Each structure stands twice: as structure tokens, then as C-alpha cells.
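Descriptive structure summary
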Amino acid sequence: MHFLYFVIKQGVNMNNGKRTFWLLIIVWIMFMYGATTLSCNYSLNSKNQLVAHCDNRGFITVPRNLIKNIKVLDLSHNLITVIKNNTFINYTKMDNLNLNSNNISEVHEYGFEGLRYLRILRMESNAINISKLPTRVFRPLENLIVLDIGRNEEQWMVHESFVYPDKVFSNLKSLQNLSIDLFDRPEFGNGFKSLQTLSVLNFRRCYMRFGKLSNETFRNFSQKLRELYITRCHHFFHIDKGILRYFPELNILDLSHSYIHLYQALNILYPYQNKKMSVINFHHISDKSINNDEFPYSVIITKELMRYLRSICIEALDLSATGIVDDEFYSLFSFQYPGCFKTFIISANRLPSTTLEHYMQTVVFLTRATNLKTYDMSYLPAQFLKPLFIDVYHPEKFIESQEKQHIFQKSIHINVYLPPLLEFVRFTHITVLSASVSITCKNESLKHFDISYSVFEQYPNISNECGKELRYLDVSGLSSTMMFESISLPKLTTLKMNHASIDRSIIEGTQWMLGHAPKLKSIDLSFNNLWTLLDTKLFNDKNITHFNLSNNLFRTVPSSVSKLRLLESLDLSNNLITSIDYTIRKWFDEIIVQHPNLSINLDNNALVCSCDTVEFLLWLTKTKVSFVNGNNYTCTMSNNSQVNLIEVTKDINKYFADCKATTWLRIGIVLISCTFGVSIPLSILYYYRWKLILFLFRKFRRAVEKKLHVNYEYDVYISYEERSISWIKNHLLPKCEKEWGLKTFVHDRDLFPGELTSDSKALSIHQSRHVIFIITERFCEYEWGSFEIERAKYEKYTQNLMKIIVILQNVHVNDIPEQLVDISNDVIFIKWDEYENENQTEWFKLKTLLFLN
């Protein structure tokens, strides 16, 4: 129908002869596609109202031939550009009209005539200029309670105030929910005083760049307003302290993703002292783009800043990603009404975890927040337990920090008593120092517990009550060799143990299961370097339906999984599996009868198509098992070429006609092999002597690393911004991978879709022997640059990463990120002219750094 719209536009601009030709084409298209593309479906909703489903049909005008007594009309995602007079005159009983995501730019004065009973009107994501709406366009909508006219085009010049058409909106005297866009220097006239029933004001898209919200901005809105949403204003603007004084009954305040800075947000709360509010959402209102003397990027919470917030009875508070780096004693957690909290989120800040006082503030708060159900205090910065410092008098010597012993004595023990109603707890990616911790649940209410990728010197002691109602448990990133003692998990259904060093537990004979979980259904053991599951007690829990063993080292499908008779999905992607043996194939065929939706993921394995695997290939042609992404599987042929597995199974006789060769041919091959068995290897050894030396060196190094329980997936992790891709592809990768035989990680090529980018990058750096940063003059614009630098620093200081190499390509010293300058003693810099074809000295230096530890 996009083509039909194009044809009509062309026909309008043609002369009479050509216009006739185009009209004939239009008639033909309407005849061919009108019965299907331009038809609407009908149904009854939960309120027994007749609904006309006309969405995504290619309409360029509102259809006039629908059933007249429809209550709901969905015309979203069409090609309508104009709402003409009396367009809906035939549908006077309509209650709900959806015009979202069209291309409406014009609404005539009587466009909504006849819709007296309309209660909901949605016109989001169009091209409407609200300042040009006719004054009486909404007059027929006397019963309208919801109007969504947000996400439309930007409509005003820079440095000028935007005056909202108050006379247009003044006709909506019954309106309760208004969604519009927020423009620079907004002015809401006296006409908005007519909206006395308005309770929700939602600014769907924000165009604020240079203006501000003053004390008088909202003076004409109803004092009955209960919900205010000003979100995603990605340009800093000022707000006066008294902007909310007109809304004494405000219950929900959402400023998330609006860069107004935490200082301003906390100051506008003064009208709500000793009042009750349902939600205050300040997620990511401070941003690194805001950094000056008045509004610094690093926020220190003081008692003065908290004077208004602490006095409000809040049910849900989100202070995540607000730039908090420190807080005065009894400021951040000094709420007067902690019993009001049901949800408290303060993750992704830079709160310190260095003193006992900081821990105790949290402990006291949790003790007093008796009605808390959700608590998230994750993604706190790393605090290293034993940092090494350089001796100023003898720089070649290191001094081990003794500061930890002054902060926590060995006798310190912290008892954390979780509130009795707490259901959701998240402590992922935080660092806890050496004090021992006990977590006690007062009641059996905890259902979701996530302490993944946190750092503990001693695993916390958790009471049995915490596991009685637990459904979800994530201990990824924590070594299974230091798990807390076995506790009962009678209702646990989901367990995640990624990067948990389960392979080391198996080697050491340690039992790595947390306890008996008879109702366990979903388990994730990916990224654990597993090659066997024979020595585990996992399969006593035979109720497992979803099993993730991806990104391990399995060469065959573990025979132990055949005990899982209720399995619905098995993920074995990114392993080293070459084929599936007869026992597992037989089990798959048996279980598919009981579970027809069984899916297996073998993507990115080392599948082999050879005479030895013909039976496996024949089985693939007959089995009813569903393979995830199965059409893209490849296998390695005898000549080392990669072939699509489906193509091979379609014509097995073509590919393996010689599998039953005669005995004499085999004998001849053996004789020929013996004849050349001495000369050819010697020739090869001499010709490739240097490559063999490097190969043996790498093998020797990996053997040593294996003894030290170090396992690198990649030799080099490459960090770069997009303008470096051409140089990396044409020069760096051919050298590293083809000539030097190294395995590199490049995020544009090696990141898997569907995974969290931050987790994938952090894991890849952890699994790399070295990290190379390619610094260009625009590297600071690379959004993941700071994250990769900080992660590399962490791996370097934990002695997992061997080298951090920085390649400077025609950059000034001021262009080097500060994070790299701060650790310049631990970084190796190489100046590189990317426009020169010959950089033999630099290539030799880089090769030496990558091969020598």
C-alpha cells in the first residue's frame, strides 16, 4: 500500500492524459488487493464492545463503510495524512479511537464531529503541529477522558517560547489523562484552567534544549493532578524550586532520563513534606554531560539535600544512576517514614563500600523498612581488597596496603535482617570487603535473589528461611568452590550459575549444587568451561525443562542429560560438539513423542561431515526434533571446507559416495603415505620451522596456564571506535589472525545478538590474555570506551590480564582518555601512523608484546 500512496501522489501532478493512465492503475490495484489489504476484522473485547481492527492495512483515508455501531476503532499504522470534516459522522457510538503511527499532519475543524460519546483518543507518533489545530476541533468531544497527542514533530524555533493552544484544549472539560510533547520555554495559557478533572499529565517526548521550567509554568493546571511525567529530556535545563507548588495532591512524579541533575530534583520536593506519595522516579537524572561548579557530575548527598525527600512517605523510590559518589553519615538512608517503602532502588551509582558506617546505614534502613518488597543496590564500584602501591623512595618496589585492617578488624561481623515482606533482592555487581556477613530472613517471603558477579572474600551465611519461598536464584560470577552451605530450596524453579568455575569444583571433587531443589525447572550453567557432568548430583532433579549448557567445552552431548525426561529446551551452542552419538539420538526420538516442542540449539559447534558421521547426518533427515537456527548450521568436510549442513543432508550420496572404498585403495594410500612419510614431514618442518616454534610456544604457555587454573578464550581483545574498523579489518586482523595465529575478539563480529552488551564485553575482556585500545581523535565519542577501559583496569589489577596495549593513531596527547593516563605506568603505548603502509618496527614491537609474557 506504500506503492498505492506513491501512485496517487504521482497522479495528482500529471496532466489529464497521464492522470487517466494512473487512475486505471489505481483501480486495478484496488481490485486486486482491496478485498484483503483494505479489509477490517471485527471482534468483541472484554467489555463486550464491538471492535474494528483496521490497523496496518494501508489505508490512506478513514474508511466510511464500517459497521456503524462499533465502539472501538483501531486505525494505527496506516497512511492517513488528513482528518477531514465529518470523517467519523457515521460512527456516533464510538468509545475508543486509535490513530497512532499514521502520517497525520492536518486535522480539519469538524474532523471529530459526531463523536459525542468518545472517551479515548490516541494520535501519537504523527506529524501534527498542535499550534495549528483549529480552535473548535475538540469541541464535540465533551466526554473525552484520555487524549494522547504526543510524539509529534518539533514545532518551534530556537530561543522562542512555545505557547500551547489553550483555547483548543479548553473544550475538553472532562479530560482526565493528557499526553503531549514538551517544548522549549513552555507557556500554558488560561484555557488550561478549564481542565479541572485532569489527574495525569504526561509529556511523551521532550524537546527542551535551552529553556527552563519556571515557578509559573504549571500555574493554570488543576490542583487535582496526581501524576506528572517529564521523561527523556536529554539536554540539561533549569527548573525553579516552586514548579510543583500547584500540585498539592501529586502522587506520582517521574523525571527519569531527564538530565535536570539530582540537586534540582531534590529541591522541588518541598511541597510534599510529611505527605504520602506512591512513586518518585529519579532514574538517570544526573548525567556525565552535566558537570560544572553548580551541578557537578559527582554528587555527594548531604543532610541538607535530603531535607525534603527524607520527610516524605514514599512507597517506591528510584535513585539509580544519579551520580552519587558519597553520602554524609545518616543522610541518604535517614528517612522519617521507612515503613512506607515497598520498592527502593539505588543501583548503578558510585557509592563507597569502604567503611563500616556505610554498611550499618543500610542495615538499619532494612531493619526499619518493614513493608519493603523490592530492594536493589547493585552495580557499585569495585573496592580492591589488597591494592599494591609503589614506594616513592624505591619505585621498583611495591607496598601492600594495610588499610583494610584498619577499617575492619577480624572480629567484625555484620548481621543483615531482611524485612519480613521482602520478595525481590538484587545485589549484583557489588564489592563487599572482608567483614563476614550473615543474611537472615525474618519471614519466608523472599522469591527473587540475585547476587551475581559480586566480590566476597568470604561467602555470606544465609539462613534457611531465605530459601523456603525462593523461586529465582542467580549466583553467576561467584566461584562454586566458595558457595554458602547447602540450604533447602523447596520451591526454586530458576537457577543461574554462569561463570561460576564449576569446572574447578568438579576437578577438586567439590559438590557445587547449593542444595536440593526438587522443583527446579530452568538451569543455566553456561560459561563454566565444562567438559563433563559425570561427577555432579544435578540430575537428581529430573523436573528440569530448560537447560543451558552453552559456551562450554563439551565435545559430545553429555550422556547425563538423558535422565531429564521432561526437557523442553537444551542449549548446547558454542561448544566443540562434532556429532551426536546413537544413545543420545535415540533418547531425543523418544522424548520428542512426549514433548513435541522440544528444541535443541547446536549453533556454532564443530560439527563434522565425514564417513564417520554419516549415521548422524541420516538421522537429521528423519528426526522431528527442532533445532534452533538449524538452517544456518555448518559442518567441516574432509577437505576442511565449511558446508551448510542442510545442503549436505539433502544429498548425502553425492558427498559420501566413496565411504565404502575397496581395501586395495586403502592399502595403496597407506603405502604412499609410508613412502612420503619421512620426506614430507621433514620438508614441512623445515619450511614452517618458525611457525612451529611459535605454535609450540603457545602450546607450552597454555599448558602452564592450565596448571595455574587460568584459561583464556581469546589472545587479544580489541577496543575501538567505528572509524577504526577499516584499518582493523585490512591490516590488524590479517596480521594477528592469519599471520601470527592469534585469536582476537572484535565486538562488531563476535558479540552475540540477544545478550546484554555489558555482560558480554566484561566476560570477553575477562577471557582475554591482552587488551588493545586503538585510540583515534574520536575515541572519546565511543559509548563503550570508558566501560572497556575500567573493565581492563579491573582485570589488570586482579592479575588476570597480562598487558594493556594502546595504539595511538595520529592523536594528540590531550585526546588520550584520562582513564588510560591515570594508569600510564601499567600501559604500553605504541605510536602508529595509520596512513603509512610500512610500519615494520611497530609491527615487530606489537608482535613481541603479544607473544612474550
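This text goes with the structure placed above it.
Residues numbered from 1 in each chain as written. Predicted model: local features only at pLDDT ≥ 70, side-chain atom pairs only at ≥ 80, totals over all residues. Heavy atoms only, no water.

1. Some remarks on unusual backbone geometry
Positive phi, normally seen in glycine, also occurs at Asn48, with a value near 65°. Position of Asn48 relative to the elements: it lies in the loop between strand E1 (41–44) and strand E2 (50–53). You can call Asn48 exposed: its relative accessible area is 57%. Positive phi is not limited to glycine here, since Tyr330 has a value of about 55°. Mapped onto the elements, Tyr330 comes out in the loop between strand E20 (324–327) and strand E21 (343–345). With a relative accessible area of 40%, Tyr330 lands in the partly exposed category. (Helix = DSSP H or I, 4+ residues; strand = E, 2+ residues; numbered from the N terminus. Buried < 20%, exposed > 50% of the residue type's maximum accessible area, 1.4 Å probe, protein only.)

2. Section: the state of the cysteines
Applying the stated criterion to the full structure yields 5 disulfides. Disulfide partner of Cys206: Cys233, at an S-S distance of 2.0 Å. Linking Cys206 and Cys233, the disulfide has an S-S dihedral of approximately 105° and is accordingly described as right-handed. Separated by 27 residues along the polypeptide, Cys206 in strand E12 (residues 200–206) and Cys233 in the loop between strand E14 (227–230) and strand E15 (238–239) bring together distant segments of the chain. You can call Cys206 buried: its relative accessible area is 14%. Looking at Cys233, the relative accessible area reads 0%, which means it is buried. Residue pairing for Cys441: its cysteine sulfur links by disulfide to Cys466, the two sulfurs lying 2.0 Å apart. For the disulfide bridge between Cys441 and Cys466, the dihedral angle about the S-S bond is near 110°, and by the sign convention the bridge is right-handed. In this pair, Cys441 sits in strand E27 (residues 436–441) while Cys466 sits in the loop between strand E29 (461–462) and strand E30 (472–474), placing the two residues 25 residues apart along the sequence. This pair shows no difference in class: Cys441 is buried, exactly as Cys466 is. (Disulfide = S-S within 2.5 Å.)

3. Quick notes on the packing of aromatic side chains
The way to describe two aromatic rings as a pair is by their centre distance and the angle between their planes. Throughout the structure, instances matching the rule amount to 44 aromatic pairs. Their ring planes at 45° and their centres at 5.6 Å tell us that Phe218 and Phe247 sit as a pair that is tilted. Here Phe218 is found in the loop between strand E13 (212–213) and E14, whereas its partner Phe247 is found in the loop between E15 and strand E16 (252–254), with 29 residues between them in sequence. When sorted by exposure, Phe218 lands in the same class as Phe247, which is buried. The ring of Trp843 carries Lys735 above its face, with NZ or CZ at 5.4 Å from the centroid. (Phe/Tyr/Trp six-rings, centres within 6.5 Å; stacked < 30°, edge-to-face > 60°. Lys NZ or Arg CZ within 6 Å of the ring centre and 35° of its normal.)

Keep in mind that these numbers describe shape and distance, not what the molecule does.
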